[in-house]
Amino acid sequence: IINGKSINDNSPPRLCLAIAGGGSPALSALTSTPNASTTLVEGTITYDRRSFADYIGSHPPPSSAIVAQLTTTSSQDVGRNNASGFSFSSPTAAHLLANAALHRALQLSPRLGQMTRCVGVGCASALVSQGRPDKRSRAHVVVMRSDGRTVRTDVVLSNEGRTG
């Protein structure tokens, strides 16, 4: 996406957004923006670990081994590294969500011309509770286009101005 335009022409992109963790205000802000429906096809929030696994598992091509790891992870491991090394608030999680969101955008685009404009966005984040000055809230965002181009950004939020 460059200046709100898609890859091949001046038509708007067809965007599916998948969020895991505390990034849900982004979807709310997007859907309350006038004309968002010209770009946004679908927004999904996978807050629970099983919801995450179901979402990425139903939109190939995630590794079945990754999906198996996610479905066997205990609830204490949500949001942190577990025995498998996977974290639900990691760049890897954001990449899996972006891939699944792109696949979903392609599923919801019945015409070839629409498919070339598909974009999947994945966001995996962890918000740190107040009173934890040693920890920082963070988000990982991956944007994946149907032409294969992928961009990732990682954001660490400051604790300045927080009380607790």
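This write-up is about the structure you can find in this document. Just so you know, these numbers come straight off a predicted model, no measurement behind them.

**A closer look at the sheet that holds strand E1 (residues 14-20)**
Within the open sheet, the five strands sit side by side as E2-E1-E3-E4-E5. Their pairing is mixed. Looking at strand neighbours, the two that pair on one side only are strand E2 (40-45) and strand E5 (150-156), the edges of this open sheet. Between one strand and the next, the sheet's axes are offset by a mean angle of 10°, whatever the strand orientation. Here strand E4 (residues 138-145) runs beside E5; their pairing, made up of seven bridges, is antiparallel. The residue of E5 that forms the bridge with Met144 is Thr150. Helix-sheet contacts for helix H1 (residues 24-31) involve E1 and E2, and the interaxial angle to E2 is about 155°.

**A word on unusual backbone geometry**
Phi at Asn35 takes a positive value of approximately 70°, unusual for a residue other than glycine. Structurally, the position occupied by Asn35 is in the loop between H1 and E2.

So, how was this worked out
- Residues numbered from 1 in each chain as written.
- Predicted model: local features only at pLDDT ≥ 70, side-chain atom pairs only at ≥ 80, totals over all residues.
- Heavy atoms only, no water.
- Pairing = 2+ DSSP bridges.
- Helix = DSSP H or I, 4+ residues; strand = E, 2+ residues; numbered from the N terminus.
- Axes fitted to C-alpha atoms, helices over the stretch in contact; angles between N-to-C directions.
- Contact = heavy atoms within 4.5 Å.

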